Amino acid sequence: MYKKLSILLAAVAVMVGCTNAQTTDKAAQAPQTANETQKAKVVAINQDQFAQLVCDYTKGEWTMKSDKPVVVDFNATWCGPCRRLAPVLEDLAAEYAGRVTFYSVDVDQNKPLAMAFGARSIPMLLICPVKGKPQTIVGLYPKDEIVKAIEFVCFSSENQ
């Protein structure tokens, strides 16, 4: 019995050591400055901030205010698929740091904005190129499909 317990404790120690090594590796790859860290996050905004940072949706026409593409995640705290999508968007925010800005909007707290963009089903991503009209993706999609959509809407020559 003591032999089994010793083996179990040794296995746990090895697993903890591996986890710490992975955490250290990720920390070494993290952005180094506060400004880079801020760019690499999905930022929660409300409808007033949306009007200032992305587009004044109350005017009835699309006029982009940002100088780079924007992805807006319409979500809710009670939404399971939204919670599963959140870490994917955090990864994408880090990968697209400096090229695309990522925002998050809680539909329950920002109903006029959600209604303006028809966010009846969530999660819903609003992908906004610098020029042209925004496009939406409704539902939980794999990361590679979201990347394809961002690349097509924001960076393809067809949409420039």
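Our subject is the structure that appears above.
The structure displayed is predicted, hence computed values, not measured ones.

Caption draft 1: Examining the overall build of the protein chain more closely. A count of helical and extended segments in the protein chain gives six helices and five strands. The linear arrangement of helices and strands in the protein chain, starting from the amino end, is α-α-β-α-β-α-β-α-β-β-α. For the protein chain, with 160 residues in total, the buried portion stands at 36%. Here the contacts in the protein chain between residues at least 6 apart in sequence split such that 69% fall between residues at least 24 apart. Working note: accessible area of the protein chain is about 10100 Å², and carbon and sulfur atoms make up 56% of it.

Caption draft 2: Representation of the environment of Ser 66. The topology assignment puts Ser 66 in the loop between helix H3 (47–53) and strand S2 (70–75). Residue Ser 66 is classed as buried on the basis of its relative accessible area of 15%. Taking the C-alpha atoms as reference, Ser 66 lies 8.0 Å from Cys 55; in sequence the two are eleven residues apart. Ignoring any residue separated from it by four or fewer positions in sequence, one finds Ser 66 in contact with Leu 53, Val 54 and Val 130. Only 2.8 Å separates the side chain of Ser 66 from the backbone oxygen of Lys 68, close enough to count as a polar contact.

Caption draft 3: Here's a closer look at the state of the cysteines. On inspection of all chains with the given rule, the structure shows one disulfide. Cys 79 shares a disulfide with Cys 82; S-S distance 2.5 Å. Across the S-S bond linking Cys 79 and Cys 82, the dihedral sits near 75 degrees, which makes this disulfide right-handed. You'll find Cys 79 and Cys 82 in the same group, each marked buried. A disulfide-free cysteine, Cys 128 has its sulfur positioned 7.6 Å from the sulfur of Cys 154, the nearest such atom.

Caption draft 4: Quick peek at helix H4 (residues 80–95). With 16 residues, H4 ought to run about 22 Å at 1.5 Å a step, and its terminal C-alpha atoms sit 24 Å apart, in line with that. Ala 86 marks where H4 bends most, by close to 25 degrees; the proline Pro 87 follows one to four residues later. Looking at H4, one finds that the buried residues are Cys 82, Leu 85, Val 88, Leu 89, Leu 92 and Ala 93.

Caption draft 5: Looking closely at the pairing of strand S4 (residues 124–128). Most of S4 is tucked away, with five of its five residues classed as buried. Burial along S4 is two-sided: Met 124, Leu 126 and Cys 128 facing one way and Leu 125 and Ile 127 facing the other are all buried. Inspection of the sheet shows S2 paired to S4 by five bridges, in the antiparallel sense. Opposite Val 71, over in S4, you have Ile 127 as the bridge partner. Across four bridges, the pairing between S4 and strand S5 (residues 135–138) is antiparallel. Opposite Ile 127, over in S5, you have Gln 135 as the bridge partner. The antiparallel pairing of S4 with S5 creates a hairpin that spans six residues between the two strands, and Gly 132 there sits at a positive phi of about 100 degrees.

Rules of the game
- Residues numbered from 1 in each chain as written.
- Predicted model: local features only at pLDDT ≥ 70, side-chain atom pairs only at ≥ 80, totals over all residues.
- Heavy atoms only, no water.
- Helix = DSSP H or I, 4+ residues; strand = E, 2+ residues; numbered from the N terminus.
- Buried < 20%, exposed > 50% of the residue type's maximum accessible area, 1.4 Å probe, protein only.
- Contact = heavy atoms within 4.5 Å.
- Areas by Shrake-Rupley, 256 points an atom, 1.4 Å probe, with all protein chains shown as cover.
- Polar contact = N/O pair within 3.5 Å; in protein donor to acceptor, adjacent residues only side chain to side chain.
- Disulfide = S-S within 2.5 Å.
- Expected span 1.5 Å × (residues − 1).
- Bend = angle between axes of the 7 residues up to and from the residue.
- Pairing = 2+ DSSP bridges.

Any link to function would need more than the numbers given here.
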